[in-house]
Number of protein chains: 2
Amino acid sequence: MSTPKPEATLAVNGSLPRHRRTYSIGELARMFEVTPRTIRFYEQEGLLAPERRGQTRIYHEKDRVRLKLTLRGKRLGFSLAEIREVIEMYDAMPDGNARQLRRLLEILADKRNNMERQLEDIRLMQRELDDVEMRAREVLERLAVTD
Amino acid sequence: MSTPKPEATLAVNGSLPRHRRTYSIGELARMFEVTPRTIRFYEQEGLLAPERRGQTRIYHEKDRVRLKLTLRGKRLGFSLAEIREVIEMYDAMPDGNARQLRRLLEILADKRNNMERQLEDIRLMQRELDDVEMRAREVLERLAVTD
DNA sequence: CAACCACTTTACGTTAACGTCAACGTCGTC
DNA sequence: GACGACGTTGACGTTAACGTAAAGTGGTTG
């Protein structure tokens, strides 16, 4: 704050460098197609910790990334508790003791296994879908012909 | 059917051809590491429809396969309702009308998209895990050295 | 200034997917 | 014939992840 600019509080905030932008809860909600309620809930569960300007929450890049990762984790079937565990350990990493770090590596390995199984599941499921789709198309063909 | 065999009702059921075996609810539960309660619940939700011998349920290969597919679907984050929808349509396929079949194809396409996104999510998540793991290992290294 | 947003907290409601418990029937066996 | 293992129905409990409604705050806009 060495150069007191004419407080451009009303700036549209559109052309700022990515990491200096801030977001309201509503903006963030629209970006990720969730409700504000969801975002507040994630905070309550310890997944987010936005800055506060008075009452209102102010989200920075860091928060946006966290939300993104959280939602990705959810799509992969992780519970919020699991996601929080990883996030907490990640935050505590720099000054984490060896035991904690090993625990973190354990968790990561676990997630990895999980995803390997998911990959296999997806492959199998895709075959099933192929199969079902083929049969469905066959039946449709017959209908078209005999009509 | 044509050759009436001496009803081996008490047979241990171990060396029978796969598709003739039957299972109790407990067996099935152990096979898939779920509780009987879960299996009954799936039936109640229309995902299974085992034969009945008196009171007790008797599961055939078909039921086992369905359960397997159901659990796989669950691991991929599908709701029981979604899974049921596909199963029902699949069952109704032979005499399904064109509209239903098209609807089925729609659903399948939808699931496919879902899985594509999941694949992408998994790739991204794996990178994150790689990253976090690397940092964790670095910190551990330092601890080992400075100790 | 009134009206209107967007945001806040508090609190109770809801849904999916089971868990748990009670009370009972049916075998095989010791 | 008591016992234990397994099965049944029915009903209520539980947890996660939000939804929803009420009531208030703070800024700007006609």
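This text follows the structure it describes.
Everything numeric in this text was worked out from a predicted model, so none of it was measured. (Residues numbered from 1 in each chain as written. Chains lettered and ligands numbered in written order. Predicted model: local features only at pLDDT ≥ 70, side-chain atom pairs only at ≥ 80, totals over all residues. Heavy atoms only, no water.)

## Quick notes on the overall build of chain A
Piece 1. Broken down by element type, chain A carries five helices and two strands.
Piece 2. Here chain A, with 147 residues, has 35% of them falling under the buried criterion.
Piece 3. Sequence-distant contacts in chain A: of pairs separated by 6 or more residues, those separated by 24 or more amount to 48%. (Helix = DSSP H or I, 4+ residues; strand = E, 2+ residues; numbered from the N terminus. Buried < 20%, exposed > 50% of the residue type's maximum accessible area, 1.4 Å probe, protein only. Contact = heavy atoms within 4.5 Å.)

## Digging into the relation of the copies chain A and chain B
Piece 1. By a simple turn and slide, chain A fits onto chain B: the slide is 0.0 Å along the axis, the RMSD is 0.1 Å, and the turn is 180°. Each copy turns onto its partner about a two-fold axis. When each C-alpha of chain A is compared by its distance to the rotation axis, G77(A) comes out closest, at 3.0 Å.
Piece 2. Here 100% of the contact residues of chain A are again contact residues in chain B; the copies associate through an equivalent surface. (Least-squares fit on C-alpha atoms with pLDDT ≥ 70 in both.)

## Side note on the interface of chain A and chain B
Piece 1. Taken together, the contact between chain A and chain B spans 40 residues of the former and 40 residues of the latter.
Piece 2. Where chain A abuts chain B, roughly 4000 Å² becomes buried across the two surfaces, and 72% of that area is made up of carbon and sulfur atoms.
Piece 3. Taken together, the connections running from chain A to chain B amount to ten salt bridges.
Piece 4. Put simply, R112(A) and D130(B) hold a salt bridge, and the shortest N to O gap is 2.9 Å.
Piece 5. Our count for the chain A to chain B interface comes out at eight residue pairs in polar contact (both at pLDDT 80 or more).
Piece 6. For the side of chain A that touches chain B, the secondary-structure elements that each account for two or more residues are α3 (61-75) and α5 (98-146) of chain A. (Buried area = accessible area lost by both parts, 1.4 Å probe. Salt bridge = Lys/Arg side-chain N within 4 Å of Asp/Glu carboxyl O. Polar contact = N/O pair within 3.5 Å; in protein donor to acceptor, adjacent residues only side chain to side chain.)

## Overview of the side chain of T70(B)
Piece 1. In this structure, T70(B) sits in helix α3 (residues 61-75).
Piece 2. Filtering out sequence-adjacent residues up to four positions away, T70(B) remains in contact with Y42(B), L47(B), L80(B), I83(B) and I87(B).

## Here we look at the protein's contact with DNA strand C
Piece 1. Inspection of the region around DNA strand C gives 16 residues, with S24(A), R57(A), T35(B), R37(B) and Y42(B) positioned closest.
Piece 2. Near-protein atoms of DNA strand C (within 4 Å) split between backbone and bases, with sugar and phosphate holding 69%.
Piece 3. One nitrogen or oxygen atom from the side chain of S24(A) is found 2.8 Å from a phosphate oxygen belonging to DNA strand C.
Piece 4. With respect to DNA strand C, the side chain of T35(B) contributes an N or O atom lying 2.7 Å from a phosphate oxygen.
Piece 5. Those elements that provide at least two residues to the surface near DNA strand C are α1 (25-32) and β2 (56-58) of chain A together with α2 (36-44) of chain B.
Piece 6. Sorting elements by how many residues they give to the surface near DNA strand C places α2(B) first, with four residues.
Piece 7. In terms of residue class, the surface near DNA strand C is built from four nonpolar, seven polar and five charged. (Near = heavy atom within 4 Å. Nonpolar A, V, L, I, M, F, W, Y, C, P; charged D, E, K, R; others polar.)

## Quick word on the protein's contact with DNA strand D
Piece 1. Around DNA strand D, the structure places 17 residues, and the nearest of them are T35(A), Y42(A), G26(B), R40(B) and R57(B).
Piece 2. Between DNA strand D and the protein, one listed contact pairs a phosphate oxygen with a side-chain N or O atom of Y42(A) at 2.6 Å.
Piece 3. At the level of secondary structure, the elements contributing two or more residues to the surface near DNA strand D comprise α2 (36-44) of chain A together with α1 (25-32) and β2 (56-58) of chain B.
Piece 4. Per-element accounting of the surface near DNA strand D gives the leading share, four residues, to α2(A).

## A short note on α2(B)
All names here are of chain B.
Piece 1. When α2 is considered as a whole, its buried residues turn out to be I39, Y42 and E43. Down the axis of α2, the buried set is contained in an arc of 105°. They therefore lie on one face. Turned more than 90 degrees away from the buried face of α2 sit R37 and Q44, all of them exposed.
Piece 2. In the core, the buried residues of α2 are packed alongside α1, β1 (51-53), β2, α3 and α4 (80-91).
Piece 3. Just downstream of α2, G46 is the residue with a positive phi angle, here 85°. (Arc of directions from axis to C-beta.)

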